[in-house]
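Examining the three-dimensional arrangement
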Amino acid sequence: MSFQTDTIHAGVAPDKAYGAIMTPIYQSSTFVFEDIGKHKGFDYTRSGNPTRKALEDSLCALEECSSAVAVTTGMAAITTVLNIFRTGDEIICTDDCYGGTSRLMKTVEEHFGIRVHFVNLQTAENLLPYVNERTRAVWVETPSNPLLNLVDIARVASLSRENSLLTIVDNTFLSPYGQKPFELGADIVVHSTTKYLNGHSDVVGGAVLSNSEELDQKLKFLVNALGTCAQPFDCWLVLRGIKTLVLRMREHERNAQAVADFLYNHPKVKQVFYPGLPSHPQHELARKQQKSFGGMVSFELDGSIEDVNRVLTGTKLFSLAESLGGVESLIEHPATMSHASMDREHREAAGITENVIRLSVGIEDSDDLLEDLGLALG
Ligand SMILES: *Cc1c(COP(=O)(O)O)cnc(C)c1O
């Protein structure tokens, strides 16, 4: 089946009890046994739930892999994956990852002695000097947040394989519509389904996907042992969001391209970060590796911090808020909002200056979005 057909049908079958065409919300903590040792596939919702199973089957079809676990948030997905590792293990992580990811990795390093090396992976070979006999995995996020830098997933995966390391990709920014990390050699894919997969800013959720029996068993064990599993109602919301993923992503990309072109030609904008612009230093890699340039655009304003604040509070359609991937447009300030949890030194080394503004471009009419930005920029 095509991707678009899978967004509507994968994992979802008419309900066996009454033929409901939409997956019911099985809001039940426990399930009655038919006999001793015999139940209908589910016994307790932490271990498994039919609504969650439908979402997991849908995600598997979309990422074209063999296993998925749906968890409470994107951070729960990352927590679950980090629990694969043990004290003494080392991880190499892309240096401009999501603020919450770097904060969690630093905590895990301090509390549990799992060493994390933050490395600029825009050149994949930069990981090699950090590989030793304790290294277990390379953590990739591409495009990165908020500067939309890319990592060549196929190149990293091939270097990882040569060194027996896992390649883990956070695919939140593009969703499986825009990028297929398993095709490029990833071993594990994580998502914050809060973002494009759900797409309506009304739930927080996450998922971990894998493509091997061994990882599948480890991850399912961990979700049940840690209790990171997603709630039935949240799973139902994400399933509902996925049905319009293709339509939303097309509009997000179209609008983001229009916004990026507009900003690129604006005299008060110093630099625009969008993989769809030919001026993006990794535009060719984006064309090769991605099926969409996505809906996120960042830019560096030419001006003072007062000018930056005027833009942040001057838009009417773009709301000043964190998060991304919803149908409505958002504007935010990485240095004081999404990336405030990253220490200043790490943030500035990654190039996230105070003048960087990030946009999550929604699916409103593009002329209205450009007018709104134009007025705020003055
Ligand atoms: C939002 C986000 C996360 C964390 O997800 P939550 O659902 O907020 O816990 C992780 N990675 C990326 C790239 C994100 O954008």
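All of these numbers come straight from a predicted model, not from anything done at the bench.

This paragraph deals with the sheet that holds strand E12 (residues 356-360). Taken together, 5 strands build an open sheet; the order of strands is E8-E9-E12-E11-E10 and the sheet is mixed. If you trace the sheet from one side to the other, it starts and ends with strand E8 (269-273) and strand E10 (319-320), each paired once. Summarising the sheet, strand E11 (residues 330-332) and E12 pair through 3 bridges and their orientation is antiparallel. By the bridge assignment for E12, Ile-331 is matched with Leu-359.

Our focus in this paragraph is the site of the ligand. In the neighbourhood of the ligand, 14 residues make up the surrounding shell, with Gly-74, Asp-170, Ser-192, Thr-194 and Lys-195 lying closest. The contact in question runs from an oxygen atom of the ligand to an N or O atom on the side chain of Thr-194, over 2.7 Å. Contacts to the ligand include Lys-195, whose side-chain N or O atom sits 2.8 Å from an oxygen atom. Computed on the free molecule, the ligand has an accessible area of 380 Å², of which 92% lies beneath the protein chains in the complex. Residue contributions to the shell around the ligand peak at 3 residues, all from helix H3 (residues 74-82). For the shell around the ligand, the class distribution of residues is 5 nonpolar, 6 polar and 3 charged.

Another aspect to go through is the packing of H3 against helix H4 (residues 99-112). Between H3 and H4, the shortest axis-to-axis distance is 11 Å and the interhelical angle comes to 35 degrees. Of the two possible hands of crossing, H3 and H4 adopt the one that is right-handed. Facing H3, whose interface residues are Met-75, Ile-78, Thr-79 and Leu-82, H4 presents Gly-100, Thr-101, Leu-104, Met-105 and Val-108.

Below, the discussion takes up helix H5 (residues 153-162). Note on helix geometry: an α-helix contains 3.6 residues per turn, so any two residues three or four positions apart are oriented the same way. Turning to H5, its buried residues are Ile-153, Val-156, Ala-157, Leu-159 and Ser-160. The buried residues of H5 occupy an angular sector of 165 degrees when the element is viewed end-on, so they sit on one face. Exposed positions of H5 whose direction lies more than 90 degrees from the buried face are Arg-161 and Glu-162. Its buried side turned inward, H5 meets strand E4 (135-141), strand E5 (166-170) and helix H10 (283-289). A positive backbone phi angle near 55 degrees is found at Ser-164, which sits one or two residues after H5.

Turning next to unusual backbone geometry. Cis peptide bonds are those with omega within 30 degrees of zero, and the linkage from Thr-142 to Pro-143 qualifies with -5 degrees. Along the polypeptide, Pro-143 turns up in the loop between E4 and H5. Between Asn-145 and the following residue, Pro-146, the backbone shows a cis peptide bond with an omega angle of 0 degrees. Mapped onto the secondary structure, Pro-146 falls in the loop between E4 and H5. Residues other than glycine seldom take positive phi values, yet Ser-164 does so here, at roughly 55 degrees. Among the structural elements, Ser-164 can be located in the loop between H5 and E5.

Our next topic: the nonpolar core. In terms of nonpolar packing, the biggest core is built from 51 residues, with Leu-55, Leu-59, Leu-121, Val-138, Val-140 and Leu-209 touching the most fellow members. Those elements giving two or more residues to this core turn out to be helix H2 (50-63), strand E1 (67-71), E4, H5, strand E7 (206-210), helix H8 (232-242) and helix H9 (245-264). Here this core spans two domains, since at least three of its residues come from each of domain 1 (3-242) and domain 2 (246-377). Not counting chain neighbours up to four residues away, the residues in contact with Val-138 comprise Ile-92, Leu-121, Leu-127, Val-156, Ser-160, Leu-165, Leu-166, Thr-167 and Ile-168. Listed in part, the 28 residues of the second largest apolar core include Val-71, Ile-188, Leu-219 and Val-223.

Conventions and cut-offs
- Residues numbered from 1 in each chain as written.
- Predicted model: local features only at pLDDT ≥ 70, side-chain atom pairs only at ≥ 80, totals over all residues.
- Heavy atoms only, no water.
- Pairing = 2+ DSSP bridges.
- Helix = DSSP H or I, 4+ residues; strand = E, 2+ residues; numbered from the N terminus.
- Near = heavy atom within 4 Å.
- Polar contact = N/O pair within 3.5 Å; in protein donor to acceptor, adjacent residues only side chain to side chain.
- Areas by Shrake-Rupley, 256 points an atom, 1.4 Å probe, with all protein chains shown as cover.
- Nonpolar A, V, L, I, M, F, W, Y, C, P; charged D, E, K, R; others polar.
- Axes fitted to C-alpha atoms, helices over the stretch in contact; angles between N-to-C directions.
- Left-handed = near helix turned anticlockwise from the far one by under 90°.
- Contact = heavy atoms within 4.5 Å.
- Buried < 20%, exposed > 50% of the residue type's maximum accessible area, 1.4 Å probe, protein only.
- Arc of directions from axis to C-beta.
- Core = buried A, V, L, I, M, F, W, Y, C linked by side-chain atoms within 4.5 Å.
- Domains from an automatic or database assignment.

That's the geometry; what it means functionally is another story.
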